[in-house]
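Geometric and topological summary
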Amino acid sequence: MSSPWSRRSFLRLSGNAALLTGTLAAGALPTAGAASAAGDEYDELRAVWQGLLLGSGFDPTAAPFAEKLALLGSQAREHRSTMAAAAGSLWPDLPLTLSSSITGSYVRLGTMAHAYAQPGTGLTGDAALATDIGAGLDHLHDRVYNPAKSQFGNWWDFQIGSPQILLDICTILYDRLSATRLAGHLAAVDRFVPDSSVTHYTGTSTGANRVDLCRSLALRGILGKSPAKIALARDALSPVFPFVTTGDGFYADGSFVQHTHLSYTGSYGAVLIGGLANLFALLGGSTWAVTDPRRQIILDSVEKSFAPFLYNGLMMDAVSGRATSRGNPRTNSHGIQGGDHGRGHGVLASIALLGTAASSAERQRWRGLVKGWTQRDYYSPVLSDTELSVAALARLGAIQDDDAVTAIAEPTGHRLFPGMDRAVHRRPGWAASIGMASRRMGFYETGNGENLRGWHAGAGMLQWWGNTYGNGQYTDAFWPTVDPYRLPGITVSKKPLADAEGGAWGLPRPDVSWVGGATDGEYAALGQFVRGLSSTLYAKKSWFCLADSIVCLAGSVRAADGVAVETVIENRNLGATGAQAFTVNGAGQSTALGWSATLPGARWAQIAGHGGYVFPGGATVRALREARTGSWHDINTGGATDPITRRYLTVWFDHGVDPVDAACSYVLMPGATAAATAARAADTGWLGILANDNGQQGIAVAPLGVTAVNFWFAGTVGALTVDHPACVLVREHGDGTATVCVSDPMRMRTGLTVTWHRPVASVLSRPATVASAATGSALTLTFGDLTGQAGATQRIRVALG
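The text that follows walks through the structure, step by step, so that each part is easy to find. (Residues numbered from 1 in each chain as written. Predicted model: local features only at pLDDT ≥ 70, side-chain atom pairs only at ≥ 80, totals over all residues. Heavy atoms only, no water.)

**Topic: the nonpolar core**
Counting 145 residues, the largest nonpolar core has L109, L272, L276, L282 and I351 as the members making the most contacts within it. Setting aside residues no more than four positions away along its own chain, L276 makes contact with V211, L237, V240, F241 and I298. In this structure, V512, A525, V651 and A708 belong to the second largest nonpolar core, which totals 72 residues. (Core = buried A, V, L, I, M, F, W, Y, C linked by side-chain atoms within 4.5 Å. Buried < 20%, exposed > 50% of the residue type's maximum accessible area, 1.4 Å probe, protein only. Contact = heavy atoms within 4.5 Å.)

Quick look at the structure:
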């Protein structure tokens, strides 16, 4: 059965938010040895963990702490008043026959424990409350969580969710627990999180799950004063650190994968970095400090893996998997949901804490990054996020108030993540992400009743955000209200799919290899051979990411499902009341809900306050303005059933029923005004489409010196010839030099020859594995074995003839 507690967000609901990434306020973190000499090292470590859980150095009467503490007290009073121990439950709505209800019950006791220990809750130091918490712990121990019981339901509840909260409560109430009570709770943890849970790095003991298990082992060792347990937890972290080439973990290109076939930087990756930040902080300076030199890979991941997907404080959906379906059962006083911003805030808190284990230079730079993200999150202000813990708010607030920290601006450039079929393109004023799927990466993930309609998120979904606009685009109830067959950027068969179509846990993957691209770090050529989920859809998709735009091509579009096939240009969430103007070829279209139109001869279109779209050579597009109603429960069985309505403006190409080799093209210009969009459409020499079919897709943009081709098969397009499938991006810099970027997205080539029919004087630099020959009329590049390059871009710099 599904869980009302999401596997990762339950910590936020407990008042123990942001993945427990809180810490003491601006000052240095205490380490073992800093506590009173009267205690032993275990007592010192316990004090450190209490500091990580509760924080210190903040003013409980000042914002944002007063609001958070008041909310915590209100939640605790509600839980206390409704707690009613019975044979089958501790709360009537949480039957203990469900594993999720066991975790949920511990979560509520955890909220009560925080209200007891934190100042300003109205329940601070309430002895009767502490007694009630103890009684609740005993009830759960006696009925369902003790050494004599067996695991049932979801393994995660018994091995991660419940023991984590239980150990935190035992830490907070340590002085009020008898030795017998504590020993009983620790024995239960030993039963469900035995040493053998980390013996092998496989199955459910990898990546973020392994870090969670180690956290429970470490806390159990500290509370039980067992040096072997703490040492085991420390040592069992080491398999998490090295780069991987398949399966779960960090890849050399910055990708993070969990569940073998899913991009998960923003969810499981966030859990992992949060858990490691806490463990590094907890054990630092102690007998059990984490000293494995490979932990530097984790520190490097801040900028290599996480920062690329953070924008204005939000964490992009393309790397957040099932978490996009969770929503937030509460809203704060600003009426803002968690979503991508909430996930981002938790990662900011993790990065701030991880800095305590980094070099001074790394720590200072990360504080600048965090300050910048915090300042720019106008849509969901970080320090107003009452889902963050008090400790996390204290640390983030201290960075914000530190005049010695200079906020770092959002970077520009392109990052390609072939290890997880994702790409991020950043330009001044906006950022975009593209989510793809292959035999390496799943279409989407469903499981535990979550993300039931995320079917097409890996079919080339193109999401984008502006620096000062559109940051609530996917936060504001997008996922429960959007038409799941019309996600922006995808080419899709409208064949109806069942909830959770394809199977759980990343099972559905298309049987294609050509997915990836090449980048020079600023521009990029990306391609995806698209095969439909449970449909006959076949298409070739390309995105060419440039200075102020993304050129999008769909070619060889075909299907035989007996339904319409579409390429979705845009599906913009206008909010609850939005009526933004929509202009086509200079003519304003209706703002009435329910309006739809077929627009022949469209050369350009623009959505006021959002951006523009150019249709090279003119095209027939369709558009719809509608209000859509849904609930979080529709896409997640643990979600709220309350109906939500949002307005959408959708623009798409209709390829008809069962098309054969249909094609289309458009240019996305985020943030462009109507005048700028019209000017680009009028400049017919700006873009040349060199090919858009089953064999190749390519463009030339003379003003930028760009020629880029995705060769699905060998051939010649313009001035480029390849003898095997490849992606080629050529960029002439205007200074007499050019960069040729090549990749093998299929990762199959043991040899590849690329010829650029352009006079080249000399080769300035190239990888050692690439042979080159420059003549008066052409450059020939011969690549050796590319199978071990994992789809990475090979860059060659040349002087033009």
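**Some points on the environment of V754**
Relative to the helices and strands, V754 resides in strand β29 (residues 752–756). C-alpha separation for the pair V754 and V740, spaced 14 residues apart in sequence, amounts to 9.8 Å. Not counting chain neighbours up to four residues away, the residues in contact with V754 comprise T721, V722, V728, V742, L779, T780, L781 and F783. (Helix = DSSP H or I, 4+ residues; strand = E, 2+ residues; numbered from the N terminus.)

**Some details on the pairing of strand β7 (residues 422–427)**
Counting buried positions over the 6 residues of β7 gives 6, a clear majority of the element. Here β7 shows a buried face lined by R422, V424 and R426 and a second buried face lined by A423, H425 and R427. Across 5 bridges, strand β6 (residues 413–417) lies against β7 in antiparallel orientation. In the strand pairing of β7, R415 is matched with V424. Counted between consecutive antiparallel strands, the loop separating β6 from β7 contains 4 residues, among which D421 sits at a positive phi close to 55°. Taken together, the 6 bridges between β7 and strand β8 (residues 430–435) define a ladder with antiparallel strand orientation. Looking at β8, one finds that V424 is bridged to S433. Taking the residues between adjacent antiparallel strands as the criterion, β7 and β8 are bridged by 2 residues, where G429 takes a positive phi near 95°. (Pairing = 2+ DSSP bridges.)

**Considering unusual backbone geometry**
The omega torsion across A63 and P64 is 0°, close enough to zero to call that bond cis. Counting through the fold element by element, P64 comes out in the loop between α3 (41–54) and α4 (65–82). Despite not being glycine, N312 shows a phi value in the positive range, around 50°. Of note, N312 is situated in the loop between β4 (310–311) and β5 (314–315). For N312, a relative accessible area of 1% puts it in the buried group. With a phi close to 55°, N448 is a non-glycine residue in the positive phi region.

**Observations regarding the sheet that holds strand β33 (residues 794–800)**
If you walk across this open sheet you meet the 7 strands as β22-β23-β24-β27-β28-β33-β30, and the pairing is antiparallel. Two strands close off the open sheet at either side, each with one partner strand: β22 (688–692) and β30 (760–765). Between one strand axis and the next, the sheet turns through 15° on average, direction left out of account. In terms of strand pairing, strand β27 (residues 726–732) meets strand β28 (residues 737–743) through 6 bridges, oriented antiparallel. Pairing of V728 across the sheet is with V742, part of β28. (Axes fitted to C-alpha atoms, helices over the stretch in contact; angles between N-to-C directions.)

**Observations regarding the environment of G125**
Residue placement: G125 occurs in the loop between α5 (99–117) and α6 (127–143). Under the relative-accessibility criterion, G125 is labelled partly exposed at 46%. Each C-alpha atom, one on G125 and one on G247, is 47 Å from the other, the two residues being 122 residues apart in sequence.

**Some details on the pattern of salt bridges**
A full pass over the atoms with the stated rule returns 36 salt bridges. In this structure, the salt-bridge partner of D195 is K229, at a minimum N-O distance of 2.7 Å. Residue D195 is located in the loop between α8 (179–192) and α9 (207–223), and its partner K229 is located in helix α10 (residues 227–236); the two are separated by 34 residues in the primary sequence. Residue R326 pairs with E450 through a salt bridge whose shortest N-O separation is 2.8 Å. Taken together, the residues span a long stretch of sequence, with R326 in the loop between β5 and α13 (339–354) and E450 in the loop between β8 and β9 (461–466) at a distance of 124 residues. Look at R326 and you get buried, because its relative accessible area is 14%. One salt-bridge network, in which partners are shared between bridges, spans D40, D43, R46 and K225. (Salt bridge = Lys/Arg side-chain N within 4 Å of Asp/Glu carboxyl O.)

**Examining the environment of W652**
Tracing the backbone shows W652 in strand β20 (residues 644–657). Judged by relative accessible area, which is 3%, W652 ranks as buried. Considered as a pair, W652 and G489 are 163 residues apart in the sequence and their alpha carbons are 9.1 Å apart. Apart from the residues within four sequence positions on either side, W652 is in contact with R486, E566, T567, V568, I569, V621, R622, A623 and L624. A polar side-chain atom of W652 sits 3.4 Å from a polar atom in the side chain of E566. (Polar contact = N/O pair within 3.5 Å; in protein donor to acceptor, adjacent residues only side chain to side chain.)

**Structural notes on helix α14 (residues 360–376)**
Side chains that are three or four residues apart share a direction in an α-helix, a result of its 3.6 residues per turn. A rise of 1.5 Å per residue sets the reference length of α14, with its 17 residues, at 24 Å; its end C-alpha atoms lie 24 Å apart and thus fit the reference within 8%. When α14 is considered as a whole, its buried residues turn out to be E362, W366, R367, G368, L369, V370, K371, G372, W373 and T374. For α14, the elements touching its buried residues are α12 (296–306), β4, α13 and α15 (390–401). (Expected span 1.5 Å × (residues − 1).)

**What about the packing of aromatic side chains?**
Inspection of the entire model under this criterion finds 23 aromatic pairs. Ring centres of F309 and F417 lie 4.8 Å apart, and the angle between their planes is 40°; this geometry places the pair in the tilted category. One end of the pair, F309, is in the loop between α12 and β4; the other, F417, is in strand β6, with 108 residues separating them in the sequence. Exposure class is identical for F309 and F417. Each is buried. Consider the rings of F478 and W479, whose centres lie 5.1 Å apart with planes at 85°: the pair is edge-to-face. Of the two residues, F478 and W479, neither departs from the other in class, the shared state being buried. (Phe/Tyr/Trp six-rings, centres within 6.5 Å; stacked < 30°, edge-to-face > 60°.)

**Things to note about the sheet that holds strand β26 (residues 720–722)**
Here we have 5 strands laid out as an open sheet, ordered β25-β26-β29-β32-β31, and antiparallel in their pairing. Every interior strand has two partners, whereas the edge strands, β25 (715–717) and β31 (770–774), have only one. Taking each pair of neighbouring strands and ignoring which way they run, the sheet shows an average axis angle of 15°. Relative to β26, β25 is paired through 3 bridges, and the arrangement is antiparallel. Bridging across to β26, G715 finds its partner in V722.

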